[in-house]
Amino acid sequence: ARLSSTFQFDFWEEIVRIAVVEDNAMLADGIARAFRNEGHGVDQLPDAATATDFIKQEDIDLVILDINLPDRSGLDVLRDVREFKNDLPILLLTARDSIEDKVAGLDRGADDYMTKPFELPELQARVRALLRRASTSVSQQLVCGNVIFDPLTRQLSVDDKPIDVPRREASLAELFILKQNQVISKQQIMDYLYGTGSDAEESSVELYVCRLRKRLVESAVVIKTMRGIGYCMRPAL
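Per chain, residues are indexed from 1 in the order of the written sequence. Only residues with pLDDT of at least 70 get local features here, since the model is predicted, and only at 80 or more are side-chain atom pairs given and counted; chain-wide, interface and lining totals rely on the full set of residues. The side-chain quantities take in all heavy atoms of the structure and omit both hydrogens and water.

Undergrad: Please give an account of helix α1 (residues 25-36) that cites residues and values.
TA: Between the first and last C-alpha of α1 there are 16 Å, a value that for 12 residues agrees with the 16 Å anticipated at 1.5 Å per step. Accessibility here uses a 1.4 Å probe with only protein chains present; expressed as a share of the type maximum, an area under 20% marks a residue as buried, one over 50% as exposed, and anything in between as partly exposed. In DSSP terms, a helix is any run of H or I states spanning at least four residues, a strand is any run of E spanning at least two, and both are numbered starting from the N terminus. Three or more residues of α1 are buried, namely L27, A28, G30, I31, A32, A34 and F35. Any pair of residues with heavy atoms lying within 4.5 Å of one another is described as a contacting pair. In this structure, the buried side of α1 is in contact with β1 (17-21), β2 (41-45), β3 (62-66), β4 (90-94) and α5 (120-134). Whenever two N or O atoms come within 3.5 Å, that pair is a polar contact, provided that in protein one can donate a hydrogen and the other can accept it, and provided that, for residues adjacent in sequence, both atoms are side-chain atoms. The backbone nitrogen of M26 has a side-chain oxygen 3.1 Å away, supplied by the residue at the start of α1, namely N24. Expected helix span is taken as 1.5 Å per residue step, with the number of steps being one fewer than the number of residues.

Rendered as structure tokens:
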């Protein structure tokens, strides 16, 4: 891909978590850096086996998937992922540009297809389009006590009163509500907010938790610090 240092990406309305399955470290780093600069979480996965296991276990919003991986074809990953996550947006990247290859990828369940070399602005635009398309599905609100989070609108509310929160705090609230009554480590939070392999500091997690606590001080939930382990959100007794 031709990476441009002068192109300025438009900021998106919400944080997303993207898995980049690419064995070319330089290319994967360039893609990851561009999306992380937008504030999104990016997980870099270098091979098919790692990618399949990771996508199966983690909550992610979109996959950018190379076809030519060192252990198996990305098309095999695509086929396997579709068995357990049928609605997950997947964009294929490949050096193969024949109609037959494109048809094969789309028939296996890909939502879009880009050939190398490509321009990062176009990749960003296609990812935005896929996420907009995915967001048209019906949203199921997440509830903990009197705190409600709508994954579609990214709106956090207490007693049906909206609370304005920055994007990463909204994602932190989403994670806490999804995992309510469970202890979540700082590393799990960092992976959720930034993606695996990011250079974010644990102190940023402490800051976001502190800010979210202040915003929810009037709510009927508590965010408990489990010293040396992590955090746990639960309804107040």
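There's more to say after this.
Undergrad: Please give an account of the sheet that holds strand β5 (residues 112-115) that cites residues and values.
TA: In this analysis, strands are considered paired if DSSP registers two or more bridges between them. Read across the sheet, five strands follow the order β2-β1-β3-β4-β5 without closing on themselves; strand pairing throughout is parallel. Edge positions in the sheet fall to β2 and β5, since each of these pairs with one other strand and no more. Across this sheet, the average inter-strand angle for adjacent strands is 20°, counted without regard to direction. Sheet topology places β1 next to β3; four bridges connect them, and they run parallel. For V20, the partnering residue across the bridge sits in β3 and is I64. Axis angles are defined between N-to-C directions and span 0 to 180 degrees, where every axis is a line fitted to C-alpha atoms and, for a helix, only to the segment in contact. Its contacts with the sheet put helix α7 (residues 186-194) on β1 and β2, and the angle it makes with β2 is roughly 100°.

Undergrad: Go over the pairing of β1 with me, naming the residues and quoting the values.
TA: With five of five residues buried, β1 is to be regarded as a mostly interior element. Burial along β1 is two-sided: the face carrying R17, A19 and V21 and the face carrying I18 and V20 are both buried. Here β1 pairs with β2 via five bridges, running parallel. Counterpart to R17 in the pairing with β2 is G41. Between the parallel pair β1 and β2, the chain is carried across by α1, and the sense of this crossover is right-handed. The definition of a right-handed crossover adopted here requires that, viewed with the strands pointing away, the path from the first strand over the helix to the second runs clockwise.

Undergrad: Break down the packing of aromatic side chains for me, with residues and values.
TA: A ring pair, where both rings are aromatic, is described by two values, the distance of the centres and the angle of the planes. Two rings from Phe, Tyr or Trp (for Trp, the six-membered ring) form a pair when their centres sit within 6.5 Å of each other. Planes less than 30 degrees apart are called stacked, planes more than 60 degrees apart edge-to-face, and all others tilted. The final tally for this structure, using the stated rule, is zero aromatic pairs. As a reminder, the over-ring test applies to NZ of lysine and CZ of arginine, requiring each to be within 6 Å of the ring centre and within 35 degrees of the ring normal. Sitting over the face of the ring of F84, K56 holds its NZ or CZ atom 5.7 Å from the ring centroid.

Undergrad: So what about α5? Which residues, and what values?
TA: Here α5 is 15 residues long and its end C-alpha atoms lie 21 Å apart, about the 21 Å a rise of 1.5 Å per residue gives. Taken as a whole, α5 has its buried residues at L120, L123, Q124, V127, L130 and L131. Along the axis of α5, the buried residues cluster in a sector spanning 125°; they form a single face. Looking at α5, the residues exposed on the side facing more than 90 degrees away from the buried face are R132 and R133. Among the structural elements, β1, α1, β3, β4 and β5 are those in contact with the buried residues of α5. The arc in question is traced by the directions running from the helix axis to the C-beta atoms.

Undergrad: Could you give an account of the pattern of salt bridges, with specific residues and numbers?
TA: Salt bridges, as used here, are contacts in which a Lys or Arg side-chain nitrogen is within 4 Å of a carboxyl oxygen on Asp or Glu. Under the defined criterion, the tally for this structure stands at 13 salt bridges. As a salt-bridge pair, E22 and K116 come within 3.0 Å of each other at their nearest N and O atoms. Of this pair, E22 sits in the loop between β1 and α1 while K116 sits in the loop between β5 and α5, placing them 94 residues apart in sequence. Between E122 and R126 there is a salt bridge, with the nearest N and O atoms lying 2.7 Å from each other. Linking E122 with R126, this pair stays in helix α5, spanning four residues, or about one helical turn. On the accessibility criterion, R126 (25% relative accessible area) is partly exposed. Residues participating in the shared-partner salt-bridge network are R72, D76, R79 and D80.

Undergrad: Tell me about the pairing of strand β11 (residues 230-235), residues and numbers included.
TA: Of the strand pairs in this sheet, strand β10 (residues 221-226) and β11 are connected by six bridges, and their pairing is antiparallel. Across the sheet, residue T225 finds its bridge partner in β11, namely Y231. As consecutive antiparallel partners, β10 and β11 are separated by three residues, and within that stretch G228 has a phi angle of approximately 80°, a positive value.

Undergrad: Before we move on, could you go through the sheet that holds strand β9 (residues 161-163) and cite the residues and values that matter?
TA: Pairing is antiparallel in the open sheet, where four strands are placed in the order β6-β7-β8-β9. At either end of the open sheet lies a strand with only one pairing partner, and these are β6 (142-144) and β9. Averaged over all pairs of adjacent strands, the angle between their axes in this sheet comes to 30°, without regard to strand direction. Sheet analysis places strand β7 (residues 147-150) next to strand β8 (residues 155-158), joined by four bridges and oriented antiparallel. For D150, the partnering residue across the bridge sits in β8 and is Q155. Running over the sheet, helix α6 (residues 167-178) touches β6, β7 and β8 and is turned about 70° from β6.

Geometry only, nothing functional implied.
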